[in-house]
Amino acid sequence: MGRRIVIDPVTRLEGHGRIEILLDERGEVSRAWFLTPELRGFESFCVGRQAEEMPNITNRICGICPEAHHMASVRALDAMWGAPCLPAAERIRRLIYNAFFVADHATHFYCFAGPDLIVGPDAPKTERNILGVIRALGREAGQGIIACRARNHRLIKMLGGRGIHLCAGLPGGWSVPVTAELAAEARQVADENREFALATLDLFLRLIRDDGSCRELFAPGGADPPTHYLGTVDDSGAPDVYQGEVRVVDPDGLVTTTFAPADYAAHIAEHAEPWTYMKFPYLRRFGWRGFRTGADSGIYQSTPLARLNVADRMGTPRAQAAFQRLYEAYGCWQNGPGGRNRPIHHRMATHWARLVEMLAAAERMGELARHPDLCDPLVRQAVAPRAGEGIGVVEAPRGTLIHHYACDDDGLITQVNLIVGTTHNNAAIGISVAEAARGLIHGGTVTDGILNRIEMAFRLYDPCCACATHAVGKTPFEILVRSSADGAILDRVVRS
Amino acid sequence: MTTLVIGLGSPLLRDDGIGPQVVRELVRHDLAGVRLAEAHAGGLALVEEMQGSERVIIVDASLHPDLRPGEIAVTGVGSATCHAACSHDCTLEQALALARGAGLALPPDERIVIVAVGAADVQCFDERLSPAVAAALPGICARVASLAREGAIP
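Residues numbered from 1 in each chain as written. Chains lettered and ligands numbered in written order. Predicted model: local features only at pLDDT ≥ 70, side-chain atom pairs only at ≥ 80, totals over all residues. Heavy atoms only, no water.

A. Geometry of the overall build of chain A. Within chain A one finds 15 helices and 16 strands. Out of the 496 residues in chain A, the part that is buried amounts to 65%. In chain A, once contacts between residues fewer than 6 apart in sequence are set aside, the share between residues at least 24 apart is 69%. Accessible surface, chain A: about 16500 Å² in total, of which carbon and sulfur atoms supply 50%. (Helix = DSSP H or I, 4+ residues; strand = E, 2+ residues; numbered from the N terminus. Buried < 20%, exposed > 50% of the residue type's maximum accessible area, 1.4 Å probe, protein only. Contact = heavy atoms within 4.5 Å. Areas by Shrake-Rupley, 256 points an atom, 1.4 Å probe, with all protein chains shown as cover.)

B. Up close: the overall build of chain B. Of regular secondary structure, chain B possesses 4 helices and 5 strands. Across chain B, helices and strands are ordered from the amino to the carboxyl terminus as β-α-β-α-β-β-α-β-α. Relative to a compact globule of 154 residues, whose C-alpha radius of gyration would be 15 Å, chain B shows 14 Å and is just as compact. Counting only C-alpha atoms and orienting by the principal axes, one finds that chain B spans roughly 45 × 40 × 25 Å. A burial count over chain B gives 58% of its 154 residues as buried. Contacts spanning at least 24 positions in sequence make up 80% of the contacts within chain B whose residues lie at least 6 apart. In chain B, the 11 positive side-chain charges and the 19 negative ones have mean positions that sit 6 Å from each other. (Rg over C-alpha atoms; globule rule 2.2 N^0.38 Å. Lys, Arg positive; Asp, Glu negative; His and termini not counted. Charge placed at Lys NZ, Arg CZ, Asp CG, Glu CD.)

C. Just the sheet that holds strand 14 (residues 413-419) of chain A, in detail. Residues and elements named next belong to chain A. The 3 strands lie next to each other as 12-13-14, forming an open sheet whose pairing is antiparallel. On the outer flanks of this sheet lie strand 12 (388-396) and strand 14, each paired with one strand and no other. Each adjacent strand pair in this sheet contributes to an overall mean axis angle of 10 degrees, direction not counted. Here 9 bridges tie strand 12 to strand 13 (residues 399-407), and the two strands are oriented antiparallel to one another. Directly across from G390, in strand 13, lies its bridge partner Y405. (Pairing = 2+ DSSP bridges. Axes fitted to C-alpha atoms, helices over the stretch in contact; angles between N-to-C directions.)

D. Focus on the side chain of R94(A). Secondary-structure assignment places R94(A) in helix 4 (residues 87-119). For R94(A), a relative accessible area of 16% gives the class buried.

E. Fine view of the sheet that holds strand 6 (residues 228-233) of chain A. All names here are of chain A. Spatial ordering of the open sheet is given by 8-7-6-11, a layout of 4 strands whose pairing is mixed. Single-partner strands in this sheet number two, and they are strand 8 (255-259) and strand 11 (300-301). With 2 bridges joining them, strand 6 and strand 11 adopt parallel strand pairing. By the bridge assignment, H228 is partnered in strand 11 with Y300.

F. Layout of the nonpolar core. Within the largest apolar cluster, 131 residues are counted, with the highest numbers of intra-cluster contacts made by I454(A) and M50(B). Of all the elements, helix 4 of chain A adds the most residues to this core, at 17 residues. The residues touching M50(B), leaving out its near neighbours within four places in the chain, are L4(B), I6(B), V56(B), I58(B), L92(B), L96(B), A105(B), L106(B), P107(B) and I112(B). Membership of the second largest hydrophobic core comes to 25 residues, among which are A61(B), V117(B), L129(B) and V133(B). (Core = buried A, V, L, I, M, F, W, Y, C linked by side-chain atoms within 4.5 Å.)

G. Region of interest: the environment of P281(A). Residue and element names in this part refer to chain A. Looking at the secondary structure, you find P281 in strand 10 (residues 280-283). Residues P281 and G298, spaced 17 residues apart in sequence, show a C-alpha to C-alpha distance of 8.4 Å. Non-local contacts of P281, meaning those with residues more than four positions away in its chain, are made with I268, A269, E270, Y300, I419, T423 and H424.

H. Structural view of the packing of aromatic side chains. All names here are of chain A. Inspection of the entire model under this criterion finds 19 aromatic pairs over all chains. An angle of 40 degrees between the planes, with centres 6.2 Å apart, marks the rings of W275 and F291 as tilted. Of this pair, W275 sits in the loop between strand 9 (268-271) and strand 10 while F291 sits in the loop between strand 10 and strand 11; the two residues are 16 residues apart in sequence, bridging distant segments of the chain. Judged by centre distance (5.8 Å) and plane angle (40 degrees), the ring pair of F280 and W288 falls under tilted. By the ring-pair criterion, three or more aromatic residues cluster together here, those being F109, Y110, F196, F204, F218, Y330 and W352. Across from the ring centre of Y242, 4.8 Å away, lies the NZ or CZ of R75, which sits over that ring. Above the ring of F196, the side-chain terminus of R151 is found at 5.8 Å from the ring centroid. (Phe/Tyr/Trp six-rings, centres within 6.5 Å; stacked < 30°, edge-to-face > 60°. Lys NZ or Arg CZ within 6 Å of the ring centre and 35° of its normal.)

I. Examining the pattern of salt bridges more closely. All names here are of chain A. All told, the structure shown has 38 salt bridges over all chains when counted by the stated rule. A salt bridge links R94 to E90; the shortest N-O distance between them is 2.9 Å. Separated by 4 residues within a single helix, R94 and E90 lie in helix 4, roughly one turn from each other. The pair R94 / E90 is uniform in exposure class, with both members buried. R135 is paired through a salt bridge with E127; the nearest N and O atoms lie 3.4 Å apart. Several salt bridges share partner residues, and in doing so they unite D191, R194, E195 and R370 into one network. (Salt bridge = Lys/Arg side-chain N within 4 Å of Asp/Glu carboxyl O.)

J. Representation of empty space enclosed by the protein in the model. Residue and element names in this part refer to chain A. For the structure shown, the criterion picks out 4 cavities of 30 Å³ or more. By volume, the second largest cavity amounts to about 210 Å³. The wall of the second largest cavity is formed by 15 residues, among which N98, P239, D240, V241 and A360 lie closest to the centre. Elements supplying a minimum of two residues to the lining of the second largest cavity: helix 4 and helix 11 (349-369). By residue number, the principal contributor to the lining of the second largest cavity is helix 11, which donates 4 residues. In terms of residue class, the lining of the second largest cavity is made up of 7 nonpolar, 3 polar and 5 charged. (1 Å grid on protein atoms, 1.4 Å probe; cavity = no way out; pocket = protein on both sides within 12 Å on 5 of 7 lines; lining within 4 Å. Points joined across faces, edges and corners; volume = space filled by probe spheres on them. Nonpolar A, V, L, I, M, F, W, Y, C, P; charged D, E, K, R; others polar.)

K. Layout of the domain arrangement of chain A. All names here are of chain A. With domains assigned, chain A is organised as domain 1 (3-36 + 429-495), domain 2 (39-77 + 384-419) and domain 3 (228-345). Roughly 750 Å² of surface becomes buried between domain 1 and domain 3 when both sides are summed, with 73% attributable to carbon and sulfur atoms. In this structure, the connection of domain 1 to domain 3 is made through 0 salt bridges. Remark: the boundary between domain 1 and domain 3 carries 0 residue pairs in polar contact (both at pLDDT 80 or more). For the side of domain 1 that touches domain 3, the secondary-structure elements that each account for two or more residues are strand 3 (29-35) and helix 15 (465-468). It is strand 3 that provides the largest number of residues to the side of domain 1 that touches domain 3, a total of 3 residues. (Domains from an automatic or database assignment. Buried area = accessible area lost by both parts, 1.4 Å probe. Polar contact = N/O pair within 3.5 Å; in protein donor to acceptor, adjacent residues only side chain to side chain.)

Below, the structure written as structure tokens:
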């Protein structure tokens, strides 16, 4: 008789997620998929509200990336009411947003991925947590993480009006200018972030890529199934997490599509399946061809690695050096179409890419904090509501974040659509989970270490089901192993 | 002794908003020396909010089957509510251990009180509490105020 494995809800995951693995009568994986069994209708909750409320409502979709929702939302208002952001206000938005990226990526690396990468995927479950990471790295590492979060969150609070759920975004502007004292603090924070990011990259290379139990996971051989990649770049082709044009490259690295964020619906469509509430975005140009990878499939990824895969270069010097080292390590440096990099298809390299992005964000903060006009007081402008549509796109740590609103003459919201990072990656996550399950489960043998390695294939995307289903919640994760014959649950692991 | 009351939860998610509702109501109580705060995220973010306080009371919604909607249970760190953890970083216990190890000034576990409030619905987007929880709000506020005064400087 076959068996069915279900992982539900997934460890260290915001929102409710479940992995189901179906075993045949020989104990081999016949199917595996990732699903989200909840939807709470956030969009309908927003209809009828004043559009100005949106940045302060959407930033409560979850507690993990409120800054991303706040920025995408206020940029949608800029667009909807024809109010390009004032230069001084844009500098503040960018400064906050890069501080958020540093804190978020640092937290992911040490707290979410660290238990697997540093303590080890097969270590006892009781050791695979942040305290195990600190035991392995020493007390100074814990101090470094706490200090990194504290300085960036304080800066965000001082610039954003409130910690975590900042509230200073206004259509076309920002609520408060930067004082000279705060500018000095921002410079200090940026410098400390840069050193912390460099030290974290060094730690990753020494202890994880070149040593330790995960070394083989980062080896150049044996790439994962290729997909298209999507991300935002600036005029020079460097990644830009705040604004730019959206670029898509194919599995060979050829730029196949470039579009303005406002045109996203012409290029991205969403496929629905009856067994999950999270939709499956795909590239219209290639269509939905099921859960298939490759150049003729519309499936794409929008992750830190995807953002680097679409980029020509990094916008800051140290990040550029780290970028080159990453692509050289996988044999992908400047040997693709037109001398571009070939995309890295190793999903685990997403962890490495995340650290390159952290360094880039720290360096960008340093530039912004030293801008001669950072303290320019002209951050507000009068903006009148008008009927129309607005689309705001930023790169969230987990992927491209799209807020699309429509409002009436009174500025009341009539329609909302959100596509978040985890949703873009939904199909790729399912494929990664299935690949991992097929590679690890044989003869019906399912151990905690195997299930954790399957979860690692999922966690590298840093998924957030709460955002992806627009449901607020912190329900943990579950893996179910089921019989393919009758669907009976044979193993169940709940991570909470 | 500096006491902090944290209302934990989303004010947009029906009974999940009980924590924030309680601290908003407590503004009208005589709680000199008690700091009031709202928090939406657990784990490290929650612990960072506690920094500098000598005693902390966390008010959070709970779907524990033994709690009727509006009923409260006063517990400690060892039996923290689900939302006191963050699934993107760590549990409340782990976050406390990490932050203490890094030198943050935090109260000991025995000075962290969790007031779990039975909830009927923490999933629907709605800014109103369910009827049973709304009816219990004054009593919950009185109990939390009493707990806060116990630890405040006389």
